[in-house]
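# Structure assessment
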Amino acid sequence: MASSLSAARAIDFLCEHTASKSRVMALLAHDNGPSSLTAVLTCKDPDHAYEAVGILRRVLARRDATTVEDELKALTAEMADAPASSLRQAVVQAASGSWTAGVGALFVVPEPEPDTSEDDPATEALPGPVGHPRLKDLPGKVVRITHLHEFHITDEDALLRAAVDSGWEPLPASELGDDDPRDLIGAVMTLTEDPDIAGAETLEDQSSAELLSPEDGDELADWSTRPVVARFTHGWRLREQRTRPATEVRTPNFAALFATQDCPCKGEDENCEKCGWQLTPRTADLLHMALVVLADQAYDDAERLGDQFLSDADSATWEVFDRLPSFTWTADHRWRRRMARAFDDLAGDLAKGNWPCPTCTAEEMALHLAIEDAPMHLEDRPEEDDHNSLPEHEDDYSWGSCSDLLFQDHDVLMLFHTQFSGIEDPENPTNQSMGIGDLREAAWFTPFGSRSIRDPRRGFRR
């Protein structure tokens, strides 16, 4: 059977990892048989595999290999000759959309097990996020605004190109249905804040509003066991939708996420081992705000700069990238977007109630900048500001402790000192004597360890 299935269509690319190697696989669709997997390349570095999958997915979505030439050149330069050659060939096939699979290379993808969770009484009331209130816990009224958009897709390829240009990556084919194999839904959702979506025309754009009531069985979205669906029926007042500013991010409940505990000694015993430093709600709130603002500024910088060298760009005032070591000023657009995402990743850690512990050099730099900026977000706050309602603690705004306790080391700060010029290179004698490692621009997103690898499919917020 496998020998008769030589012609196929690539529909996705996936990673497979073991302790000693990583493999990139192509998911293929066949006209006369089941979907199948075939190996594309094998390499030792899992990050190289993640990068390869991202490149192949972007080529597949756009059917154009020219847009990844620089990325492909940079990645293959770091890989061994065999996987590098295989990746180049795969990019050509991904651009064409067709795939030729050799005899014996096909592995049938099993059908997923049926989802019976809806029939399980134990899953009917899943808990919401830690510290998030229930509707009944809120003293005031709650208004839900639901937006309705309807888009007619007139050019699928143009739509997908626009979404890819904005940083979107399609879902794996294993998560897509036969009705949307190209993830058009995801592409449209990525572009909905743009009033003029490429490849589509707006058919409907309206909003509805409702007061939520616990007595009527309503619940906040994060706790609701039923989908939040718009009720566009007679009697609802339609309102003009406004584009949400990029920095409008829902503030987590830091009072619950980082609830502090008082030591029994009440601070009277200087030698008490239980009186450890705490990341307090107020400190977490300002760090989170600084990280979100820096992320938006970095995305704005990246969009304006494109692939320009910072030193060659116009005299506009940049928000983030001119604050980084000067050897990063030649970075390309994709590198800058990944730097912007590093701020978002750390902000996401805080939103989940976790300490923002950097997982790579880029995140170390991002956190240093956030700690530097956080104090200014406390200035000129009105008394009624939500931040002032958070519980107070003696560890509030202890930025020195943040710098001491949230990092493994401060090696990255040496990049700002002229006396350490060239120390980013692992061949540098000072670098070697201090055991610093690779701090060059291309290595900033390399995870510190296997446990610190971020989900490669998380995409970009903007």
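Residues numbered from 1 in each chain as written. Predicted model: local features only at pLDDT ≥ 70, side-chain atom pairs only at ≥ 80, totals over all residues. Heavy atoms only, no water.

Check the secondary structure of the protein chain and you find eleven helices and seven strands. By the burial criterion, 41% of the 462 residues in the protein chain qualify as buried. Sequence-distant contacts, at least 24 apart, represent 70% of the contacts inside the protein chain between residues at least 6 apart. (Helix = DSSP H or I, 4+ residues; strand = E, 2+ residues; numbered from the N terminus. Buried < 20%, exposed > 50% of the residue type's maximum accessible area, 1.4 Å probe, protein only. Contact = heavy atoms within 4.5 Å.)

This paragraph deals with the environment of H149. Mapped onto the secondary structure, H149 falls in strand 6 (residues 143-153). According to the relative accessible area criterion, H149 is partly exposed, its value standing at 26%. Spatially, the C-alpha atom of H149 lies 9.9 Å from that of M189, the residues being 40 residues apart in sequence.

The subject of this paragraph is the packing of helix 1 (residues 46-62) against helix 3 (residues 81-96). Where helix 1 meets helix 3, the closest approach of the two axes is 8 Å, and the angle between their N-to-C directions is 25°. Classified by the angle between their axes, helix 1 and helix 3 sit roughly parallel to one another. By crossing handedness, the relation of helix 1 to helix 3 is classed as right-handed. The segment helix 1 lies against helix 3, with A52, I55, L56, V59 and L60 engaging L87, A90, V91, A94 and A95. (Axes fitted to C-alpha atoms, helices over the stretch in contact; angles between N-to-C directions. Parallel < 35°, antiparallel > 145°, perpendicular 65-115°, else oblique. Left-handed = near helix turned anticlockwise from the far one by under 90°.)

A separate point is the packing of aromatic side chains. A complete count under the given rule lists seven aromatic pairs for this structure. The positively charged end of R337 is found above the aromatic ring belonging to F460, 4.5 Å away from the centroid. Taking the ring centre of F460 as reference, the NZ or CZ of R341 above it sits at 4.1 Å. (Phe/Tyr/Trp six-rings, centres within 6.5 Å; stacked < 30°, edge-to-face > 60°. Lys NZ or Arg CZ within 6 Å of the ring centre and 35° of its normal.)

Considering all chains together, one arrives at one cavity of 30 Å³ or more under this definition. Roughly 30 Å³ of internal volume is contained in the largest cavity. Residue classes in the lining of the largest cavity are distributed as no nonpolar, three polar and three charged. (1 Å grid on protein atoms, 1.4 Å probe; cavity = no way out; pocket = protein on both sides within 12 Å on 5 of 7 lines; lining within 4 Å. Points joined across faces, edges and corners; volume = space filled by probe spheres on them. Nonpolar A, V, L, I, M, F, W, Y, C, P; charged D, E, K, R; others polar.)

Under the definition given, this model contains 14 salt bridges. D373 is paired through a salt bridge with R323; the nearest N and O atoms lie 2.9 Å apart. Linking D373 in helix 9 (residues 361-373) with R323 in the loop between helix 7 (281-305) and helix 8 (333-351), this pair joins segments that are 50 residues apart in sequence. You can call R323 partly exposed: its relative accessible area is 24%. With a closest N to O distance of 2.9 Å, D349 and R454 form a salt bridge. Note that D349 is positioned in helix 8 and R454 in the segment after helix 11 (429-434), a separation of 105 residues in sequence. D349 sits in the buried class, given a relative accessible area of 11%. (Salt bridge = Lys/Arg side-chain N within 4 Å of Asp/Glu carboxyl O.)

In this model, the protein chain carries a mean pLDDT of 77, and residues with pLDDT of at least 70 account for 76%. Within the model, the stretch residues 1-5 combines pLDDT values under 50 with ten contacts to residues more than four positions away or in other chains. Here residues 102-131 is modelled with pLDDT under 50, and outside its nearest four sequence neighbours on either side it reaches 34 contacts, counting other chains as well. (pLDDT = per-residue confidence, 0-100.)

This part takes up the environment of E394. Residue placement: E394 occurs in the loop between helix 9 and helix 10 (399-405). For the pair E394 and T280, spaced 114 residues apart in sequence, the C-alpha separation works out to 8.9 Å.

Look at helix 7 against helix 9: their axes get within 8 Å of each other, and the N-to-C directions meet at 115°. Note on packing geometry: the crossing formed by helix 7 with helix 9 is right-handed. Judged by residue contacts, L287, A290, L291 and L294 of helix 7 engage A366, L367, L369, A370, I371 and D373 from helix 9.

Turning our attention to the nonpolar core. Counting residues in each nonpolar core, the largest one holds 52 residues, and the members touching the most others are L287, M339, F343 and W444. Among the elements of the structure, helix 6 (254-257), helix 7, helix 8, helix 9 and helix 10 are those that each provide at least two residues to this core. With twelve residues, helix 7 is the largest single contributor of residues to this core. A8, A10, C43 and L72 belong to the second-largest nonpolar core, a separate cluster that totals 27 residues. (Core = buried A, V, L, I, M, F, W, Y, C linked by side-chain atoms within 4.5 Å.)

All right, on to helix 7 then. Here helix 7 is 25 residues long and its end C-alpha atoms lie 36 Å apart, about the 36 Å a rise of 1.5 Å per residue gives. Of all 25 residues in helix 7, 20 are buried; the element is thus mostly enclosed. Phi turns positive one or two residues past the end of helix 7, at G306, with a value near 60°. (Expected span 1.5 Å × (residues − 1).)

Looking now at a nonpolar patch on the surface. A cluster of nonpolar side chains, contributed by V143, I145 and L211, occupies part of the molecular surface with about 280 Å² of accessible area. Position of L211 among the secondary structure elements: in strand 7 (residues 200-211). (Patch = residues over 30% accessible without salt bridge, like charges linked within 9 Å, V, L, I, M, F, W, Y side chains within 5 Å. Areas by Shrake-Rupley, 256 points an atom, 1.4 Å probe, with all protein chains shown as cover.)

What follows is about the state of the cysteines. Inspection of every chain in the model, using the stated rule, returns zero disulfides. Distance from the sulfur of C15, which forms no disulfide, to the nearest cysteine sulfur (C43) is 7.8 Å. (Disulfide = S-S within 2.5 Å.)

Glancing now at the side chain of D301. One can find D301 in helix 7. At a separation of 3.5 Å, a polar atom in the side chain of D301 contacts the main-chain amide nitrogen of F321. Every residue in contact with D301, bar those within four places of it in the chain, is listed here: W318, E319, V320 and F321. (Polar contact = N/O pair within 3.5 Å; in protein donor to acceptor, adjacent residues only side chain to side chain.)

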